[in-house]
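Descriptive structure summary
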Amino acid sequence: DNMVKLLDLQAITMMHGNEYRAAVNRVIESGWFLQGNENKQFEADYARYIGTDECIAVANGLDALYLIMRAYKEMGFMQDGDEIIVPANTYIATILAITKNDLTPVLVEPTWDNLEIDIDKIEEAITPKTKGVMIVHLYGRVAYNDKVGEICKKHHLKLMEDCAQSHGCSWKGVKTGALGDAAAHSFYPGKNLGAFGDAGAVTTSNPELASIIRTLANYGSQKKYMFKYVGMNSRMSEPDAAVLYVKLKYLNEDNKKRQELAAYYYENIKNPLITLPARIADENNVYHQFPIFCERRDELQKFLADNGVQTLIHYPIPPHHQECYIEAAWNKPQLSLPISEKIHEQELSIPMNQVILMEEAKIVVDALNAFK
Ligand SMILES: *Cc1c(COP(=O)(O)O)cnc(C)c1O
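Residues numbered from 1 in each chain as written. Predicted model: local features only at pLDDT ≥ 70, side-chain atom pairs only at ≥ 80, totals over all residues. Heavy atoms only, no water.

So, unusual backbone geometry
Leave glycine aside and you will find that most residues have negative phi; peptide bonds, for their part, are mostly trans. We apply this condition: Secondary structure elements follow DSSP: runs of H or I no shorter than four residues count as helices, runs of E no shorter than two count as strands, and numbering proceeds from the N terminus.
Looking along the chain, the bond that leaves H314 and enters Y315 is cis, with omega of 5 degrees. Structurally, Y315 can be placed in the loop between helix 10 (297-306) and helix 11 (338-346). Look at H156: it is not a glycine, yet its phi comes out positive at around 55 degrees. Along the chain, H156 turns up in the loop between helix 6 (146-154) and strand 5 (158-162). We note that K172 has phi near 50 degrees; this positive angle belongs to a residue other than glycine. With respect to the helices and strands, the residue K172 is situated in the loop between strand 6 (170-171) and strand 7 (174-175).

Considering the site of the ligand
This is how it is decided: We call a residue near a molecule or strand whenever a single non-hydrogen atom of that residue lies within 4 Å of it. In protein, a polar contact means a hydrogen-donor-capable atom and an acceptor-capable atom, both N or O and within 3.5 Å, with residues adjacent in sequence counting only if both atoms are side-chain atoms; elsewhere, any N or O pair within 3.5 Å suffices.
As a structural note, the neighbourhood of the ligand is formed by 13 residues, with G61, D162, Q165, S186 and K191 the closest of them. A distance of 2.8 Å separates an oxygen atom of the ligand from a polar atom in the side chain of Q165. One of the side-chain nitrogen or oxygen atoms of K191 is found 2.7 Å away from an oxygen atom of the ligand. For the shell around the ligand, the secondary-structure elements that each account for two or more residues are helix 4 (61-74) and helix 5 (92-99). If one sorts the elements of the shell around the ligand by residue count, helix 4 sits on top with three residues.

What to know about the packing of aromatic side chains
To keep it simple, the criterion reads: Only Phe, Tyr and Trp rings are paired, with Trp represented by its six-membered ring, and only when their centres lie within 6.5 Å; those with planes under 30 degrees apart are stacked, over 60 edge-to-face, the remainder tilted. In this scheme, Lys NZ or Arg CZ marks a charge over a ring once it lies within 6 Å of the ring centre and within 35 degrees of the ring normal.
Scanning the entire structure with this criterion turns up 14 aromatic pairs. For the ring pair Y72 and F77, a centre distance of 5.8 Å and an interplane angle of 75 degrees mean the geometry is edge-to-face. When the ring centre of W112 is taken as origin, the NZ or CZ atom of K342, which lies over that ring, is 4.0 Å away.

Some words on helix 6
How we decide: Only protein chains enter the accessibility calculation, which uses a 1.4 Å probe; a residue whose area is less than 20% of its type maximum is buried, one above 50% is exposed, and one in between is partly exposed. Directions pointing from the helix axis toward each C-beta atom define the arc. Contacts: residue pairs with any heavy atoms within 4.5 Å of one another.
Looking at helix 6, one finds that the buried residues are V148, G149, I151 and C152. When helix 6 is viewed along its axis, its buried side chains cluster within an angular range of 165 degrees and face the same direction. Of the residues in helix 6, the exposed ones pointing more than 90 degrees away from the buried face are E150, K153 and K154. Each element contacted by the buried residues of helix 6 is listed here: strand 4 (130-136) and strand 5. A distance of 2.9 Å separates the backbone nitrogen of K147 from a side-chain oxygen at the start of helix 6, and that oxygen is part of N145. Looking one or two residues past helix 6, H156 carries a phi angle of roughly 55 degrees, positive in sign.

Some words on the pattern of salt bridges
Side-chain pairs of opposite charge can arise where the charged atoms are in close proximity. This is how the line gets drawn: For this analysis, a salt bridge means a side-chain nitrogen from Lys or Arg found within 4 Å of a carboxyl oxygen belonging to Asp or Glu.
For the structure shown, the criterion picks out 18 salt bridges. Two residues, K172 and D146, come together in a salt bridge whose shortest N-O distance is 2.5 Å. Of this pair, K172 sits in the loop between strand 6 and strand 7 while D146 sits in helix 6; the two residues are 26 residues apart in sequence, bridging distant segments of the chain. Given the relative accessible area of 57%, K172 is considered exposed. Overall, the relative accessible area of 32% leaves D146 in the partly exposed class.

Quick word on the packing of helix 10 against helix 12 (residues 358-370)
Just so we agree on the cut-off: A fitted line through C-alpha atoms represents every axis, and for helices the fit uses only the stretch in contact; the resulting angles, taken between N-to-C directions, go from 0 to 180 degrees. Throughout, the term roughly parallel applies to angles under 35 degrees, roughly antiparallel to angles over 145, roughly perpendicular to angles from 65 to 115, and oblique to all others. In this scheme the handedness of a crossing depends on how the near helix is turned from the far one: anticlockwise by less than a right angle means left-handed, clockwise means right-handed. Polarity classes work like this: nonpolar for Ala, Val, Leu, Ile, Met, Phe, Trp, Tyr, Cys and Pro, charged for Asp, Glu, Lys and Arg, and polar for all others, with Gly in that last group.
Packing of helix 10 against helix 12 leaves a shortest axis separation of 10 Å and a crossing angle of 135 degrees. By the angle between their directions, the pair helix 10 and helix 12 is classed as oblique. Read as a crossing pair, helix 10 and helix 12 show a hand that is right-handed. In this structure, helix 10 uses L300, F303 and L304 to contact helix 12, whose residues at the interface are A367, L368 and A370. A class-by-class count of the residues in the contact of helix 10 with helix 12 yields six nonpolar, no polar and no charged.

Spelled out as structure tokens, the structure:
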């Protein structure tokens, strides 16, 4: 139909369809599908783009998050039951990676205007068991500032980044993915840098960490048929690496288009019933999503659908209210997270991507401004 789509992956892919076909064909003709030159080339290029010494391509973003903390456990920096500080309003994968490592998530509120972890609340959440801080650059907005770095140094904590939504975003000229000790990236098809299936990566400038992650992701093996760790199988396919190598060349351009659309939204959405997140510099926001907030969110979503605008909620239920964690020991009933809960009650993501036409952006704005 003729809805303004939240994300039109077909149109996005067709922008460079022939280049992707050529890349995939190259792999088909090589007959080499895992751990080959395409992975090597993409890893080198992505590490250069992010600004780290190392990039390890893995199977998806959740594995990337999991493997960072798993490697820190193998290195003796973290042990079962240690605490990781994490924003309460993140996607479930961030929390899963912590609990699957038998570590304890300590949920910290975001701020209402910035939507990222409240940095002033990090220090009061630190206990003798705290071993790391996992920041999440949610919606494409940078979650880092110099204070986070200083707190982690002062308390000897590992600073980890969830960059699943922030490809190309930076802080004072340093890319997300190079701001802390290690970072996880997802190339899920819908992300700013998306593959043709599941894919992910870890970036770090710590060679020992990188080597352990690479080994863990390859069945725990460094030498064929010799297994040093109880590892897992988490590798990126060669066709995906080939496609991502092409796509990375267009990432900055694509992000610029998102930023132009965001500027149009900020200048033209004028409805007292709708709140927009604080506007920050383009360097600090690659607009993976454009979240808006409304007390009558569900009504607004229906109104927009009736007026030809597709939207999605990120996310309807916060992790601490999910069935899988209701009984968890760290999920105390008295846990009070009013800002996270308000975000989950009021958030609505409006169409945001690099192929939206001006006419479509106008349809979105007109519909938003017509809501009473
Ligand atoms: C997408 C996403 C992930 C997980 O990535 P997958 O590749 O889907 O496993 C992790 N964290 C955040 C914030 C995400 O948006």
